[in-house]
Amino acid sequence: MKLSVKPLLLFPLLSFSALCSAAKFGSAYGDVVEIAAGGIGTGAPAKNLMYFTVSGTPTFATCANSSSPPFVIDNEDGGKTMISMLLAAKMAGKKIHVVGRGTCNYIPGHEDVSLIYID
């Protein structure tokens, strides 16, 4: 029996892998070291954002060029659960895994977070 791969079925897989390799997203594993909420900068307007730093050797998207804290969660954009997990991990002394989105849309220089999970 001879198997054949249809070109139309293969094209989406090739396109997806090309997109994934082009995007660089950050990641981190470790303890929650620093947490900040609100607007970054003197006199900045308050925002529903939570900024944080994770110990270890994190990587970041190229847009994340702020000195600290590098990761940001928007409380209004489905982030309430992630913020709860972040605070629970901090209080319990648990390590977390963070995966960024590869974007800095919430505030320039800070990478938007895609997911967090606790060990």
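Residues numbered from 1 in each chain as written. Predicted model: local features only at pLDDT ≥ 70, side-chain atom pairs only at ≥ 80, totals over all residues. Heavy atoms only, no water.

## Let's talk about the sheet that holds strand 2 (residues 32-37)
Strand pairs in the sheet, formed through backbone hydrogen bonds, run parallel or antiparallel to each other. Heads up, the condition is: One requirement defines pairing of two strands: DSSP has to find at least two bridges between them. Numbering of helices and strands runs from the N terminus; a helix is a DSSP stretch of H or I covering at least four residues, while a strand is a stretch of E covering at least two. Helix axes are fitted only over the stretch in contact, all axes being lines through C-alpha atoms; the angle between N-to-C directions runs from 0 to 180 degrees.
If you trace the six strands from one edge of the open sheet to the other, you get 1-5-6-4-3-2, paired in mixed fashion. Looking at which strands have only one partner, the edges of the open sheet turn out to be strand 1 (27-30) and strand 2. Within this sheet the neighbouring strands show an average axis-to-axis angle of 35°, counted without direction. Sheet topology places strand 3 (residues 49-54) next to strand 4 (residues 71-74); four bridges connect them, and they run antiparallel.

## A closer look at the side chain of His97
So the rule is basically this: The classification of residues rests on relative accessible area computed with a 1.4 Å probe and restricted to protein chains. Under 20% of the type maximum is buried, over 50% is exposed, and intermediate values are partly exposed. Nitrogen and oxygen atoms within 3.5 Å of one another constitute a polar contact, given that in protein one can donate a hydrogen and the other can accept it, and given that sequence-neighbouring residues count only through two side-chain atoms. Residues are treated as being in contact if the distance between any of their heavy atoms lies within 4.5 Å.
With respect to the helices and strands, His97 occurs in strand 5 (residues 96-100). Taking the relative accessible area as the measure of exposure, His97 reaches 19% and is therefore buried. Of note is the side chain of His97, whose polar atom sits 2.9 Å from the side chain of Asp119. In this view, His97 contacts Ala28, Tyr29, Leu115, Ile116, Tyr117 and Asp119; residues no more than four positions away in its chain are not counted.

## Concerning the pattern of salt bridges
Pairing between side chains of opposite charge can happen when the charged atoms of each approach one another. Using the following cut-off: Think of a salt bridge as a Lys or Arg side-chain nitrogen and an Asp or Glu carboxyl oxygen that are within 4 Å of each other.
Applying the stated criterion across every chain, the model contains one salt bridge. Two residues, Lys95 and Asp31, come together in a salt bridge whose shortest N-O distance is 3.5 Å. Of the two residues, Lys95 sits in the loop between helix 2 (75-92) and strand 5 while Asp31 sits in the loop between strand 1 and strand 2, which places them 64 residues apart along the sequence. Owing to a relative accessible area of 33%, Lys95 belongs among the partly exposed residues under this scheme.

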